[in-house]
Amino acid sequence: MRTIILTEAQAGELAKQMGKQKPICYIMCGIPGSGKSTWIKNNLPVEIPIVSRDIIRAELGMSKSADDKFVGSREQEQEVTKHEYDKIRELANTQQNFVIDDTNTGQFRAPLIDFVRSFGYSIYGINLHTDVETCIQRREGQIPEDVMRKINAKIRFIDPSEVDKVFDV
């Protein structure tokens, strides 16, 4: 083992760097109507920035508001994804904590996690395990029951191997 001698200033800087906490990105996971947005409102600081595909669709004029549960064409959803990644990049450049409020139930999650991690973030997954019957009731008139059941049947909740911490709610 080698002995390394540091000056007082170097030791202070090293201690400062070791104590530095990485910024955190919270990634929500749950079927529509599971309570993701409500969980954010009740559990995270009110000022935390939220990256939401529903909000982006409304900003782009694809829906009337973020409360509309609209899913666009393939081309529209690609445009939403582009804006989502732009918003994440903007927030990451400031190294502030933020939350991604979307279903994040499957195939698009891994590239999203990789993208966020490339900015040096710790990633906390929040899995909402709300029963499908409750979710169907909450989204009645917005999302057909058969679609909700298909989403529920295919959901892959965030696994601890994907992120730094997982919270199951």
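Structure: see above.
What comes next concerns the included structure. (Residues numbered from 1 in each chain as written. Predicted model: local features only at pLDDT ≥ 70, side-chain atom pairs only at ≥ 80, totals over all residues. Heavy atoms only, no water.)

Remarks on the side chain of Glu84
Step number 1: Take Glu84: it is sitting in helix α4 (residues 74-94).
Step number 2: Not counting chain neighbours up to four residues away, the residues in contact with Glu84 comprise Val51, Arg53, Ile56, Ile100 and Leu112. (Helix = DSSP H or I, 4+ residues; strand = E, 2+ residues; numbered from the N terminus. Contact = heavy atoms within 4.5 Å.)

Quick notes on the sheet that holds strand β3 (residues 98-101)
Hydrogen bonds along the backbone pair up the strands of a sheet, which may run parallel or antiparallel.
Step number 1: If you walk across this open sheet you meet the five strands as β2-β3-β1-β4-β5, and the pairing is parallel. One side of each edge strand has no neighbouring strand; the edge strands of this open sheet are β2 (50-52) and β5 (165-168). Neighbour to neighbour, the strand axes of the sheet diverge by 20 degrees on average, direction disregarded.
Step number 2: Where strand β1 (residues 24-29) meets β3, three bridges bridge the pair, whose relative direction is parallel. Paired with Tyr26 across the strands is Val99, a residue of β3. (Pairing = 2+ DSSP bridges. Axes fitted to C-alpha atoms, helices over the stretch in contact; angles between N-to-C directions.)

A word on the pairing of β3
Step number 1: What you see with β3 is no split at all: Phe98 and Ile100 on one side and Val99 and Asp101 on the other are buried throughout.
Step number 2: Across three bridges, β2 lies against β3 in parallel orientation. Of the residues in β3, the one forming a bridge with Val51 is Ile100. (Buried < 20%, exposed > 50% of the residue type's maximum accessible area, 1.4 Å probe, protein only.)

Digging into the pattern of salt bridges
Step number 1: Under the counting rule described, the total for this entry stands at 13 salt bridges.
Step number 2: Here Glu59 ties to Lys87 by a salt bridge, and the two come within 3.1 Å at their closest N and O atoms. Of the two residues, Glu59 sits in helix α3 (residues 53-59) while Lys87 sits in helix α4, which places them 28 residues apart along the sequence.
Step number 3: The exposure class assigned to Lys87 is partly exposed, which follows from its relative accessible area of 27%.
Step number 4: Via salt bridges that share partners, Arg53, Asp54, Arg57, Glu77, Glu84 and Asp102 belong to a single interconnected network. (Salt bridge = Lys/Arg side-chain N within 4 Å of Asp/Glu carboxyl O.)

Quick word on the packing of aromatic side chains
Each aromatic ring pair is specified by the distance between its two centres and by the angle formed by the two planes.
Step number 1: Tallied over the entire structure, the rule returns five aromatic pairs.
Step number 2: Centre to centre, the rings of Tyr26 and Tyr124 are 5.7 Å apart; their planes meet at 85 degrees, and the pair counts as edge-to-face. Remark: Tyr124 occurs in strand β4 (residues 122-127) and Tyr26 occurs in strand β1; sequence separation between them is 98 residues.
Step number 3: Owing to a relative accessible area of 14%, Tyr26 belongs among the buried residues under this scheme.
Step number 4: Note on Tyr85 and Phe115: the rings are 4.6 Å apart at their centroids and 40 degrees apart in plane angle, and the pair reads as tilted. (Phe/Tyr/Trp six-rings, centres within 6.5 Å; stacked < 30°, edge-to-face > 60°.)

Some details on the nonpolar core
Step number 1: Counting residues in each nonpolar core, the largest one holds 25 residues, and the members touching the most others are Cys25, Ile27, Ile88, Phe98, Ile100 and Val116.
Step number 2: Elements represented by at least two residues in this core include exactly β1, α4, β3, α5 (109-117) and α6 (132-138).
Step number 3: If near-sequence neighbours (up to four positions away) are discounted, Ile100 is found in contact with Cys25, Tyr26, Ile27, Met28, Val51, Glu84, Ile88, Leu112 and Val116.
Step number 4: Tyr26, Met28, Ile40 and Ile126 belong to the second largest nonpolar core, which has 11 residues in total. (Core = buried A, V, L, I, M, F, W, Y, C linked by side-chain atoms within 4.5 Å.)

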